[in-house]
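Overview (structure and organization)
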Amino acid sequence: ARIVVLASGTGSLLQALIEATRTDGYPATIVAVGVDRDCGATEHAAEAGVAHFTVALRDHADRSAWDVALTESVAAHRPDLVISAGFMKIFGPAFMERFAGRIINTHPALLPSFPGAHAVRDALAYGVRVTGSTVHLVDSGVDTGPILAQEPVEVRVDDDEAALHERIKIVERRLLAEVVAAVALRGVVSDGRKAVIPSE
Ligand code: GRF
């Protein structure tokens, strides 16, 4: 399967996915990386020799024009799957129209708890003892799409946001690569809230 990865941050999840796709027999190839700003992900893509492009909101008249530009930039690479690996923008209607059902996101909390851009900080502030990683299909909401996989991560009393987030990312890097491979091989059957990857 051809995948385009979208990122906005340090790109450690992207790096993990680059490495996973380069193991023997992995059923997906990253054909391009898209970012909405200069970030670590751009460097990881360049070092790995993967095509990359930037579609920055500030370079477009408004969010709608940005939505169309991002859709066209991603579509140019003919992806079978689009992976959001820390992409910090909400996809617009043009993007959803084009890729709905084929967009996978990873979120550093056990959805529906702690949606949004500060999941790790919010979980710490709430005082939960267990949080975790969620991999889900993206729908038109924010972190609301059907869940494909989840894994718990314990919160330690001395955790600060960075320490907890890094521990979650260790899980995310593995879980995302596992889910992407499974979806690439067997697809996803989803009806309403339920999205199931058919078993072997
Ligand atoms: C990940 O924890 C992802 O779930 C969140 O942003 C983080 C991206 O990490 N949305 P990195 O930029 O890949 O290191």
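Structure report, in brief. Predicted model only: the values in this text are computed from it and were never measured. (Residues numbered from 1 in each chain as written. Predicted model: local features only at pLDDT ≥ 70, side-chain atom pairs only at ≥ 80, totals over all residues. Heavy atoms only, no water.)

**So, the environment of valine 180**
Formally: Strands here are runs of E lasting at least two residues and helices are runs of H or I lasting at least four, both read from the DSSP assignment and numbered beginning at the N terminus. Only heavy atoms matter for contacts: two residues are in contact if any of them lie within 4.5 Å across the pair.
Structurally, the position occupied by valine 180 is in helix α6 (residues 161-186). Through-space distance from the C-alpha of valine 180 to that of isoleucine 170 is 16 Å; in sequence the pair is 10 residues apart. Apart from residues lying up to four places away in sequence, valine 180 is in contact with Ile3, Tyr26, Ala28, Leu81 and Ile83.

**Some points on the site of the ligand**
For the record, the criterion: Proximity criterion: a residue is near a molecule or strand once any of its heavy atoms comes within 4 Å of it. Definition of a polar contact: a pair of N or O atoms within 3.5 Å, with one able to donate and the other able to accept a hydrogen when the atoms are protein atoms, and with sequence-neighbouring residues admitted only if both atoms are side-chain atoms.
Neighbouring residues of the ligand: Gly9, Thr10, Gly11, Ser12, Leu13, Gly86, Thr106, His107, Pro108, His165, Lys169 and Glu172. Taking threonine 10, its side chain carries an N or O atom lying 2.5 Å from an oxygen atom of the ligand. Measuring from an oxygen atom of the ligand, one finds a side-chain N or O atom of glutamate 172 at 2.4 Å. Of all elements in the fold, only α1 (12-21), β5 (103-107) and α6 reach the threshold of two or more residues within the shell around the ligand.

**Side note on the side chain of serine 8**
For the record, the criterion: Only protein chains enter the accessibility calculation, which uses a 1.4 Å probe; a residue is then buried when its area is under 20% of its type maximum, exposed when over 50%, and partly exposed in between.
With respect to the element layout, serine 8 can be found in the loop between β1 (2-7) and α1. Serine 8 sits in the buried class, given a relative accessible area of 7%. Only 2.7 Å separates the side chain of serine 8 from the side chain of aspartate 36, close enough to count as a polar contact. Here methionine 88 takes part through its backbone nitrogen, which lies 2.8 Å from a polar atom of the side chain of serine 8. Filtering out sequence-adjacent residues up to four positions away, serine 8 remains in contact with Asp36, Arg37, Cys39, Gly86, Phe87 and Met88.

**Quick look at the sheet that holds strand β4 (residues 81-84)**
The condition that has to hold: Two strands form a pair only when DSSP identifies at least two bridges running between them. Under this scheme, a helix contributes an axis fitted over its contacting stretch, all axes are lines through C-alpha atoms, and angles between N-to-C directions fall in the 0 to 180 degree range.
Strand order in the open sheet formed by 7 strands is β3-β2-β1-β4-β5-β6-β7, and the pairing between neighbours is mixed. A strand with exactly one partner marks an edge of an open sheet, and here the two such strands are β3 (52-54) and β7 (147-154). Between one strand axis and the next, the sheet turns through 20° on average, direction left out of account. Note that β1 and strand β2 (residues 29-35) share 6 bridges and pair parallel. Within the sheet, the bridge partner assigned to isoleucine 3 lies in β2 and is isoleucine 30. Taken strand by strand, α6 contacts β1, β4, β5, β6 (130-137) and β7, and its axis lies near 155° from that of β7.

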